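If you want the building blocks of each chain, they are given just below.
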Amino acid sequence: MYDVDAEGDRAHIKMTLTTPGCPMAAVILDNVKQKVESIDGIKKAEVELVWDPPWTPDRISKEVKYD
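Residues numbered from 1 in each chain as written. Predicted model: local features only at pLDDT ≥ 70, side-chain atom pairs only at ≥ 80, totals over all residues. Heavy atoms only, no water.

1. Looking at helix α1 (residues 25-37)
The condition that has to hold: Helix and strand assignments come from DSSP, with helices taken as H or I runs of at least 4 residues and strands as E runs of at least 2, each series counted from the N terminus. Multiplying 1.5 Å by the residue count of a helix minus one yields the expected span of that helix. Buried residues are those whose accessible area, probed at 1.4 Å on protein chains only, stays under 20% of the maximum for their type, while exposed residues exceed 50% and partly exposed ones sit between those limits. Regarding the arc, it is the one traced by the directions from the helix axis to the C-beta atoms. Should any heavy atoms of two residues lie within 4.5 Å, those residues are counted as being in contact.
In a regular helix each residue adds 1.5 Å, so 13 residues correspond to 18 Å; α1 covers 18 Å between its end C-alpha atoms and thus fits that length. Of all the positions in α1, only A25, L29, V32 and V36 are classed as buried. For α1, the arc enclosing every buried residue in end-on projection is 60°, short of the 170-degree limit, so these residues lie on one face. Exposed residues on α1 whose side chains face more than 90 degrees from its buried face are A26 and K35. Contact partners of the buried residues in α1: β2 (10-15) and β3 (44-49).

What follows is the structure, given as C-alpha coordinates:
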(Lines give C-alpha, C1' and ligand atoms only; values in the text may rest on other atoms or scores of the structure.)
Protein backbone atom coordinates (compact mmCIF):
# COMPACT_ATOMS: atom_id res chain seq x y z
CA MET A 1 0.00 0.00 0.00
CA TYR A 2 1.41 3.35 -1.00
CA ASP A 3 -1.50 5.63 -0.10
CA VAL A 4 -4.96 5.42 1.43
CA ASP A 5 -7.27 8.41 1.21
CA ALA A 6 -10.75 8.33 2.70
CA GLU A 7 -13.24 11.13 2.28
CA GLY A 8 -16.80 10.71 3.45
CA ASP A 9 -17.99 7.24 2.49
CA ARG A 10 -15.38 6.74 -0.23
CA ALA A 11 -11.82 5.43 -0.11
CA HIS A 12 -9.05 5.51 -2.69
CA ILE A 13 -6.13 3.12 -2.28
CA LYS A 14 -2.91 3.22 -4.27
CA MET A 15 -0.99 -0.02 -4.11
CA THR A 16 1.47 -2.11 -6.05
CA LEU A 17 2.33 -5.75 -6.48
CA THR A 18 5.68 -7.47 -6.44
CA THR A 19 5.62 -7.89 -10.22
CA PRO A 20 3.50 -6.59 -13.11
CA GLY A 21 2.94 -10.18 -14.27
CA CYS A 22 1.47 -11.36 -10.97
CA PRO A 23 -1.09 -14.06 -11.79
CA MET A 24 -3.04 -13.20 -8.60
CA ALA A 25 -3.39 -9.47 -9.38
CA ALA A 26 -7.14 -9.48 -10.04
CA VAL A 27 -7.86 -11.57 -6.93
CA ILE A 28 -5.67 -9.40 -4.70
CA LEU A 29 -7.20 -6.14 -5.95
CA ASP A 30 -10.72 -7.51 -5.54
CA ASN A 31 -9.94 -8.72 -2.00
CA VAL A 32 -8.58 -5.29 -1.02
CA LYS A 33 -11.68 -3.57 -2.44
CA GLN A 34 -14.02 -5.95 -0.61
CA LYS A 35 -12.18 -5.60 2.72
CA VAL A 36 -12.11 -1.81 2.55
CA GLU A 37 -15.80 -1.67 1.63
CA SER A 38 -16.56 -3.85 4.68
CA ILE A 39 -15.28 -1.07 6.98
CA ASP A 40 -18.09 0.81 8.72
CA GLY A 41 -18.71 4.11 6.95
CA ILE A 42 -17.05 3.12 3.65
CA LYS A 43 -19.50 2.42 0.83
CA LYS A 44 -17.21 2.65 -2.19
CA ALA A 45 -13.53 1.79 -2.54
CA GLU A 46 -11.36 2.39 -5.58
CA VAL A 47 -8.11 0.44 -5.76
CA GLU A 48 -5.51 1.91 -8.10
CA LEU A 49 -2.61 -0.28 -9.14
CA VAL A 50 0.58 1.75 -9.54
CA TRP A 51 4.13 0.80 -10.49
CA ASP A 52 6.03 3.87 -9.34
CA PRO A 53 7.88 3.59 -7.10
CA PRO A 54 8.69 0.01 -8.00
CA TRP A 55 8.42 -2.62 -5.30
CA THR A 56 11.65 -4.05 -3.90
CA PRO A 57 12.33 -6.32 -0.89
CA ASP A 58 13.57 -3.20 0.93
CA ARG A 59 9.91 -2.20 1.28
CA ILE A 60 9.14 -5.14 3.57
CA SER A 61 8.62 -3.83 7.10
CA LYS A 62 10.97 -5.01 9.84
CA GLU A 63 8.00 -6.51 11.69
CA VAL A 64 7.36 -9.11 8.98
CA LYS A 65 10.83 -9.51 7.46
CA TYR A 66 12.65 -12.78 8.06
CA ASP A 67 16.25 -12.47 9.16
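2. Some words on the sheet that holds strand β1 (residues 3-7)
In a beta sheet, neighbouring strands are held together by backbone hydrogen bonds and run either parallel or antiparallel to one another. Put simply, the rule is: Two strands pair under a simple rule: DSSP has to find at least two bridges between them. For helices, the fitted line uses only the C-alpha atoms of the stretch in contact; every axis is such a line through C-alpha atoms, and the angle between N-to-C directions lies from 0 to 180 degrees.
In spatial order, the strands read β1-β2-β3; together these three strands make up an open sheet with mixed pairing. The two strands at the open ends of the sheet, each matched to only one other strand, are β1 and β3. Pairwise comparison of adjacent strand axes, ignoring direction, gives a mean angle of 10° for this sheet. Bridging between β1 and β2 involves five bridges; their strand directions are antiparallel. Bridging across to β2, V4 finds its partner in I13. With respect to the sheet, α1 is in contact with β2 and β3, its orientation differing from that of β3 by roughly 150°.

3. Quick notes on the confidence of the model for the protein
For the record, the criterion: Scored between 0 and 100, pLDDT is the confidence that the predictor attaches to each residue.
Of the residues in the protein, 99% reach a pLDDT of 70 or more, and the chain-wide mean stands at 93. Of all helices and strands in the protein, the one with the weakest mean pLDDT is β1 (96), whereas β2 scores best (98).

4. Digging into the nonpolar core
Counted only if it meets this: Note on terminology: a nonpolar core comprises buried Ala, Val, Leu, Ile, Met, Phe, Trp, Tyr and Cys residues joined through side-chain atoms within 4.5 Å.
Core analysis: the largest hydrophobic core is formed by twelve residues, namely A11, I13, M15, L17, C22, A25, L29, V32, V36, I42, A45 and V47. Per-element tally for this core: the top contributor is α1, with four residues. Apart from the residues within four sequence positions on either side, C22 is in contact with L17 and I28.

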